[in-house]
Amino acid sequence: MASEAVKKILEAEALSEKKNAEARKHRDEIISNATGRSSLAIQKKLGEAHKELSVLKADYDKKLAAYRKKAEEECQRKIDSIKQQAESKMGKAVDEIISRYF
């Protein structure tokens, strides 16, 4: 009778160990699957972020090109204006010099 009780206790312990091992295996599978899904989700989000970055970069590049063109045109207008003023003043200076000495 005592050996029967010991036998049942040993069987229960073995069953408990088996169930614990199955539970650990199941836990590890769940963690592995979750890790894989989270990695895929992260990769997907990174891909979406890179696409958005490309769109934003292209938009800013266009704006920068337009700004540069506008700035260059404004600089050229100012340079032309300064040249005209310089030529006008140069002509007046030459006329003044000529009138004083001749």
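Fair warning: this is a prediction, and the values are worked out from it, not measured in the lab.

Draft legend 1. Layout of the overall build of the chain. A tally of regular secondary structure across the chain gives one helix and zero strands. Here the C-alpha radius of gyration of the chain, 43 Å, is well above what a compact globule of 102 residues would show, namely 13 Å. Reported as C-alpha extents along the three principal axes, the dimensions of the chain are approximately 145 × 25 × 10 Å. The buried share of the chain, taken over its 102 residues, is 0%. As displayed, the chain has an accessible area near 9,800 Å², and 61% of this comes from carbon and sulfur atoms. Averaging the positions of the 23 positive and the 18 negative side-chain charges in the chain gives two centres separated by 2 Å.

Draft legend 2. Spatial organisation of the pattern of salt bridges. Counted under the stated rule, the structure contains five salt bridges. With a shortest N-O distance of 3.9 Å, Lys45 and Glu48 are connected by a salt bridge. Residue Lys45 and its partner Glu48 are located together in helix H1 (residues 2–101), separated by three residues, close to a single helical turn. What makes Glu48 partly exposed here is its relative accessible area of 38%.

Here is what the cut-offs are and how they apply
Residues numbered from 1 in each chain as written. Predicted model: local features only at pLDDT ≥ 70, side-chain atom pairs only at ≥ 80, totals over all residues. Heavy atoms only, no water. Helix = DSSP H or I, 4+ residues; strand = E, 2+ residues; numbered from the N terminus. Rg over C-alpha atoms; globule rule 2.2 N^0.38 Å. Buried < 20%, exposed > 50% of the residue type's maximum accessible area, 1.4 Å probe, protein only. Areas by Shrake-Rupley, 256 points an atom, 1.4 Å probe, with all protein chains shown as cover. Lys, Arg positive; Asp, Glu negative; His and termini not counted. Charge placed at Lys NZ, Arg CZ, Asp CG, Glu CD. Salt bridge = Lys/Arg side-chain N within 4 Å of Asp/Glu carboxyl O.

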